[in-house]
Amino acid sequence: VRSIASSAARQYYSAPYSVSPDFASRNLKALDFYAGKPNSSRYGPVTHNYAVEYNEDLSAFHGPTLDAETEYASDAIRYILSHYPAGTQIVVMGHSMGGVVATSLLSDLPSNISAIITMSTPYTVAPARFDRRISQIYNDVQELLKTAETPIVSICGGATDLLIPSESCVLPPPKADVYRRTVFTSALEGCWTGVGHQVS
């Protein structure tokens, strides 16, 4: 989260308190990254980003844990949005099973999420199937991916991710006119780091 926040700030501001012309000319607001209780920005309305940490829960192996993580994320988003004007939307990012959590949120908060970006998220098959609930969650996610209109970008670790095969990160085709893209970091020109599970 710190790396994404740092990169976003460096792109948005060309100098301290000076918005880059690329963003100022399009009247785009800054991203606001925080952890904990949200507060308003002195610079006006912003897009808010909140980090959720699950303390390395092994949700890939236990469906009820994945359900609990999804419920927590949903409650956190509702709490955050309660501090901002009605109609405020957020972008949800998730790594690995966090991407499954992010996609599962579409059943509960479809109008509050403007886009989802996932990194090394296994969409097509669960990494392990030790209980029936995991299979049901994956069936539900597949249905959401077919019907939801929220834009989703899946960034795959590519050849460098030895834990999650890149083929499992591929998004299924959506219904017409819905933005969905699958990108492999090992195939991106100029990409100097991946999003796989061994990246530190």
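Residues numbered from 1 in each chain as written. Predicted model: local features only at pLDDT ≥ 70, side-chain atom pairs only at ≥ 80, totals over all residues. Heavy atoms only, no water.

Q: Quick question: what am I supposed to make of the packing of helix 4 (residues 97-104) against helix 5 (residues 132-147) here?
A: What describes two packed helices is the angle between their axes and the distance between those same axes. Look at helix 4 against helix 5: their axes get within 9 Å of each other, and the N-to-C directions meet at 60 degrees. Relative to helix 5, the element helix 4 is oriented oblique. Regarding helix 4 and helix 5, the two cross each other, and that crossing is left-handed. Listed contacts from helix 5 to M97, V100, T103 and S104 of helix 4 are I137, Y138, V141, L144 and L145. (Axes fitted to C-alpha atoms, helices over the stretch in contact; angles between N-to-C directions. Helix = DSSP H or I, 4+ residues; strand = E, 2+ residues; numbered from the N terminus. Parallel < 35°, antiparallel > 145°, perpendicular 65-115°, else oblique. Left-handed = near helix turned anticlockwise from the far one by under 90°. Contact = heavy atoms within 4.5 Å.)

Q: Sorry, what's going on with the confidence of the model for the protein chain here?
A: Where the model shows low pLDDT, its predicted coordinates should not be examined in detail. When pLDDT is averaged across the protein chain, the result is 81; 82% of the residues are at 70 or more. Taken as a whole, residues 36-48 scores under 50 in pLDDT and shows 25 contacts with residues more than four places along the chain or in a different chain. (pLDDT = per-residue confidence, 0-100.)

Q: What is the right way to look at helix 3 (residues 63-81) in this model?
A: For the α-helix, the turn length of 3.6 residues means that residues three or four positions removed from each other point alike. Across its 19 residues, helix 3 extends 27 Å between first and last C-alpha, which sits within 8% of the 27 Å expected from 1.5 Å per residue. When helix 3 is considered as a whole, its buried residues turn out to be G63, T65, L66, E69, T70, A73, S74, A76, I77, I80 and L81. (Expected span 1.5 Å × (residues − 1). Buried < 20%, exposed > 50% of the residue type's maximum accessible area, 1.4 Å probe, protein only.)

Q: Before we go on, may I ask you to explain the nonpolar core in this structure?
A: For soluble globular proteins, nonpolar side chains are generally found buried alongside one another. One finds V92 and I113 to be the most contacted residues of the largest nonpolar core, which totals 27 residues. Secondary structure elements with two or more residues in this core: helix 3, strand 5 (90-95), helix 4, strand 6 (113-119) and helix 5. Counting residues per element, this core draws most heavily on helix 5, at six residues. Non-local contacts of V92, meaning those with residues more than four positions away in its chain, are made with I77, A102, L105, I113, A115, I116 and I117. (Core = buried A, V, L, I, M, F, W, Y, C linked by side-chain atoms within 4.5 Å.)

Q: Explain the packing of aromatic side chains to me, please; I cannot follow it from the model alone.
A: Aromatic ring pairs are reported here in terms of the distance separating the ring centres and the angle at which the planes meet. Throughout the structure, instances matching the rule amount to two aromatic pairs. On the basis of an interplanar angle of 85 degrees and a centroid distance of 4.9 Å, the ring pair of Y12 and Y13 is categorised as edge-to-face. Arranged with centres 5.2 Å apart and planes meeting at 50 degrees, the rings of Y12 and F23 form a pair that is tilted. Taken as a pair, Y12 in helix 1 (residues 2-12) and F23 in helix 2 (residues 21-24) lie far apart in primary sequence, 11 residues in all. One aromatic cluster in this structure is built from Y12, Y13 and F23. Across the ring face of F23, the terminal group of R26 is positioned such that the distance to the ring centre comes to 6.0 Å. (Phe/Tyr/Trp six-rings, centres within 6.5 Å; stacked < 30°, edge-to-face > 60°. Lys NZ or Arg CZ within 6 Å of the ring centre and 35° of its normal.)

Q: Would you mind showing me how to read the pairing of strand 6 here?
A: Each regular strand shows side chains that alternate between the opposite faces of the sheet. Most of strand 6 sits out of view: five of its seven residues are buried. Of the pairings in the sheet, the one linking strand 5 to strand 6 comprises six bridges and is parallel in character. Following the sheet pairing, M93 is matched in strand 6 by I117. One crossover worth recording links strand 5 to the parallel strand 6 by way of helix 4, and it is right-handed. In this structure, strand 6 lies alongside strand 7 (residues 152-156), joined through four bridges in parallel fashion. By the bridge assignment for strand 7, I117 is matched with V153. With respect to chirality, the unit in which strand 6 leads through helix 5 into the neighbouring parallel strand 7 is right-handed. (Pairing = 2+ DSSP bridges. Right-handed = clockwise from strand over helix to strand, strands pointing away.)

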